[in-house]
Amino acid sequence: MHNNQTLIEADRLMTVCNSCRYCEGLCAVFPAMEMRTAFSSGDLNYLANLCHSCGACFDDCQFSPPHEFNVNVPQTFAKLRAESYQAYVWPKAFAGFFARNGLMISIATALCVAGLILGFVAYNDSSVLTGSHTGPGAF
Ligand code: SF4
Ligand code: SF4
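The sections below set out a description of the structure shown in this document. Everything numeric in this text was worked out from a predicted model, so none of it was measured.

## Comments concerning the side chain of Asn72
Then, in step 1: On the secondary structure map, Asn72 appears in the loop between α4 (56–60) and α5 (73–88).
Then, in step 2: For Asn72, a relative accessible area of 14% corresponds to the buried category.
Then, in step 3: When near neighbours in sequence (up to four residues on either side) are disregarded, Asn72 contacts Leu13 and Phe58.

## A closer look at the packing of helix α1 (residues 5–20) against helix α3 (residues 41–50)
Then, in step 1: At a closest axis distance of 10 Å, the pairing of α1 and α3 adopts a crossing angle of 75 degrees. When the interaxial angle is binned, α1 and α3 end up roughly perpendicular. Residues Leu7, Ala10, Asp11 and Met14 of α1 lie in contact with α3, whose contacting residues are Ser41, Leu44, Asn45 and Leu47.
Then, in step 2: Residue classes in the contact of α1 with α3 are distributed as five nonpolar, two polar and one charged.

## Brief notes about the environment of Ile117
Then, in step 1: Mapped onto the fold, Ile117 is located in helix α7 (residues 102–123).
Then, in step 2: In sequence terms Ile117 and Asn18 are 99 residues apart; their C-alpha atoms lie 41 Å from each other.

## Describing the site of ligand 1
Then, in step 1: Val16, Cys17, Cys20, Arg21, Tyr22, Cys23, Phe30, Cys57, Cys61, Gln62, Phe63 and Val71 make up every residue found near ligand 1.
Then, in step 2: With three residues, the top contributor of residues to the shell around ligand 1 is α1.
Then, in step 3: Among the residues forming the shell around ligand 1, the class breakdown is ten nonpolar, one polar and one charged.

## Examining the site of ligand 2
Then, in step 1: Residues in contact with ligand 2, as listed here, are Cys27, Val29, Phe30, Cys51, His52, Ser53, Cys54, Gly55, Cys57, Val73 and Pro74.
Then, in step 2: Mapped onto the shell around ligand 2, the elements with two or more residues apiece are α2 (29–33) and α5.
Then, in step 3: Across the shell around ligand 2, the residue classes tally to eight nonpolar, three polar and no charged.

Calculation criteria
- Along each chain, residue indices are assigned from 1 in the same order as the chain's sequence is written.
- Chains and ligands are labelled by the order in which they are written, letters from A for the one and numbers from 1 for the other.
- Note on the predicted model: pLDDT of at least 70 is required for a residue's local features to be given, and 80 or more for side-chain atom pairs to be given and counted; whole-chain, interface and lining totals, by contrast, use all residues.
- Hydrogens and waters are ignored; side-chain quantities use all the structure's heavy atoms.
- Strands here are runs of E lasting at least two residues and helices are runs of H or I lasting at least four, both read from the DSSP assignment and numbered beginning at the N terminus.
- Each residue is placed in one exposure class: buried if its accessible area under a 1.4 Å probe, protein chains only, is under 20% of its type's maximum, exposed if it is over 50%, and partly exposed if it falls in between.
- Only heavy atoms matter for contacts: two residues are in contact if any of them lie within 4.5 Å across the pair.
- Orientation is described by axes fitted as lines to C-alpha atoms, over the contacting stretch for helices, and by angles from 0 to 180 degrees between their N-to-C directions.
- Angles are sorted into four bins: roughly parallel if under 35 degrees, roughly antiparallel if over 145, roughly perpendicular if 65 to 115, and oblique for all others.
- Classification used: nonpolar for Ala, Val, Leu, Ile, Met, Phe, Trp, Tyr, Cys and Pro, charged for Asp, Glu, Lys and Arg, polar for all others including Gly.
- Residue proximity to a molecule or strand is established when one non-hydrogen atom of the residue lies within 4 Å of it.

Put into structure tokens, the structure is as follows:
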């Protein structure tokens, strides 16, 4: 069914959580999980990318280690997210960068975001970012 160990573990955890549902108010993962009774690999990748690793479900869980169920949703989802970035990155040739060049990827992403904002300011009126807005529709 699933083609790697992380997906198999995520499937096991979501099956346990779907029976328990104690954490359904904590974040977007659990209400989305409750819309399925079985999980495809795509479902699990989607759920992993809804998680922001806050750790609340780990702290609240009565089945987290040392319990024999060994429920650790944030750890498994973090691994699954990293694998999904490698699997779905475009262009595909960049896939290995996520495993070996985390710092470079972070710097490049930050520079791209900064470039986008500066380009937006250069192309538009900079007062949209720095000016105070008054009148109808303003905060
Ligand atoms: S993380 Fe633990 S407490 Fe929360 S829904 Fe899953 S099994 Fe239940
Ligand atoms: S660690 Fe992830 S799944 Fe758990 S409560 Fe936080 S966001 Fe939700």
